[in-house]
Amino acid sequence: MKYIIAAVGALIAFLEGINKVYNYKELWTKYRITAEALKREKLLYATATAPYTGDDPLQLLIERSERLMGAENNSWINIFDENKMGQNA
């Protein structure tokens, strides 16, 4: 029994180390924030609510969605760059 407990403890420590190295929790949080923001934009567009009341709401939806996705991509790049610098130090 004590070997099983030790093995489970070692597995948990290993998985937590992997999580810290690759920042899965932080990446998942950023992904969910962006996904919810995109859902909000879609709802605003579908209901023709401000800011989608102008001449070309589809173009505005595309621009705002691209801005959100671009910010998330830059955020991911920054996280991976920080990981590289942390591993090289």
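Structure shown above.
The present account deals with the structure reproduced in this document. (Residues numbered from 1 in each chain as written. Predicted model: local features only at pLDDT ≥ 70, side-chain atom pairs only at ≥ 80, totals over all residues. Heavy atoms only, no water.)

**Considering the pattern of salt bridges**
Put simply, the test is: What counts as a salt bridge is simple: a side-chain nitrogen of Lys or Arg found within 4 Å of a carboxyl oxygen of Asp or Glu. When a residue's accessible area, from a 1.4 Å probe over protein chains only, is under 20% of the maximum for its type it is buried; when over 50% it is exposed; and in between it is partly exposed. Secondary structure follows DSSP: runs of H or I at least 4 residues long count as helices, runs of E at least 2 residues long count as strands, and numbering of each begins at the N terminus.
On inspection of all chains with the given rule, the structure shows four salt bridges. In this structure, the salt-bridge partner of Glu 41 is Arg 40, at a minimum N-O distance of 3.8 Å. Accessibility expressed as a relative area gives 5% for Glu 41, which makes it buried. Arg 64 is paired through a salt bridge with Glu 41; the nearest N and O atoms lie 2.8 Å apart. A residue pair is termed long-range when its members are at least 10 positions apart, and Arg 64 in helix 3 (residues 57-88) and Glu 41 in helix 2 (residues 24-46) qualify at 23 residues. When salt bridges that share partners are traced, they join Arg 32, Glu 36 and Lys 39 into one network.

**Quick word on a nonpolar patch on the surface**
Rules: Patch definition: residues with relative accessible area over 30% and no salt bridge; like charges joined within 9 Å; nonpolar side chains (Val, Leu, Ile, Met, Phe, Trp, Tyr) joined within 5 Å. Method for areas: the Shrake-Rupley scheme with a 1.4 Å probe, in which residue coverage is limited to the protein chains shown.
Where nonpolar side chains cluster on the molecular surface, the patch consists of Met 1, Ile 4, Ile 5, Val 8 and Ile 12 and spans about 550 Å² of accessible area. For Ile 5, the location among the structural elements is in helix 1 (residues 2-22).

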